[in-house]
Amino acid sequence: MGTTPRTALPYAASVLAVLILPGCSNSAPHAAPTSSAAAPSPSSPAQICTALVSYWAKETLKGSKWSGLDWEQKGLSNDQYAIHEEAVAAGRAEERTHGREKGLELIDRLVAQRCTEQDGATRSSENWRPPQ
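Let me begin by describing the structure that accompanies this report. Just so we're clear, the structure is a prediction, and the values are computed from it rather than from any experiment.

1. Topic: the environment of Leu 104
So, point 1. Mapped onto the fold, Leu 104 is located in helix α4 (residues 100-117).
So, point 2. The class of Leu 104 is buried, set by a relative accessible area of 11%.
So, point 3. Along the sequence, Leu 104 and Arg 92 sit 12 residues apart, while their C-alpha atoms lie 8.9 Å from each other.
So, point 4. When residues no more than four places from it in sequence are discounted, the contact partners of Leu 104 are Lys 58, Leu 61 and Lys 62.

2. Description of the nonpolar core
So, point 1. Grouped together as the largest cluster of nonpolar side chains are 16 residues, with contacts concentrated most on Cys 49, Val 53, Ile 83, Ala 87, Ile 107 and Val 111.
So, point 2. Secondary structure elements with two or more residues in this core: α2 (45-62), α3 (78-98) and α4.
So, point 3. With 5 residues, the top contributor of residues to this core is α4.
So, point 4. Once you skip the residues sitting within four places of it in the chain, Val 111 turns out to touch Cys 49, Thr 50, Val 53, Ser 54, Ile 83 and Ala 87.

3. Digging into the pattern of salt bridges
So, point 1. Using the criterion set out here, one finds 6 salt bridges in the structure.
So, point 2. Between Lys 102 and Glu 105 there is a salt bridge, and its shortest N-O distance comes to 3.7 Å. Residue Lys 102 and its partner Glu 105 are both found in helix α4; the two are separated by 3 residues, about one turn of the helix.
So, point 3. Overall, the relative accessible area of 40% leaves Lys 102 in the partly exposed class.
So, point 4. A salt bridge links Arg 114 to Glu 117; its shortest N-O distance comes to 3.8 Å. Taken together, the positions of Arg 114 and Glu 117, both in helix α4 and 3 residues apart, correspond to about one turn of that helix.
So, point 5. Take Glu 117: its relative accessible area is 53%, and that puts it in the exposed class.

Calculation rules
Residues numbered from 1 in each chain as written. Predicted model: local features only at pLDDT ≥ 70, side-chain atom pairs only at ≥ 80, totals over all residues. Heavy atoms only, no water. Helix = DSSP H or I, 4+ residues; strand = E, 2+ residues; numbered from the N terminus. Buried < 20%, exposed > 50% of the residue type's maximum accessible area, 1.4 Å probe, protein only. Contact = heavy atoms within 4.5 Å. Core = buried A, V, L, I, M, F, W, Y, C linked by side-chain atoms within 4.5 Å. Salt bridge = Lys/Arg side-chain N within 4 Å of Asp/Glu carboxyl O.

As structure tokens, then:
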């Protein structure tokens, strides 16, 4: 109503100049950056088993907030759960005699060994059996 319309032309010209001028240089175009880091290779079943079971066994030994989840909630197969229970028992025994840090280290070693021996221990979770 009583306002003077503003022209968008000066603003558009400024934006256009910012976009065009950098592209007007005489230098060669920049090469696309290359990544020196190789793409991560897929994890083997044993590596996945080791990471998963070791994590939960150590959380159980530490008595963390989520350590009380059941085997399904933790994403474990029957065989992984058996490894978990063995590792927790061994870790607790080691913790009593040599301290928590040694118990956690034992869990890592034992889980890695068992997961490797069982190629990831990923057999079905059918016919679940309670811990012994």
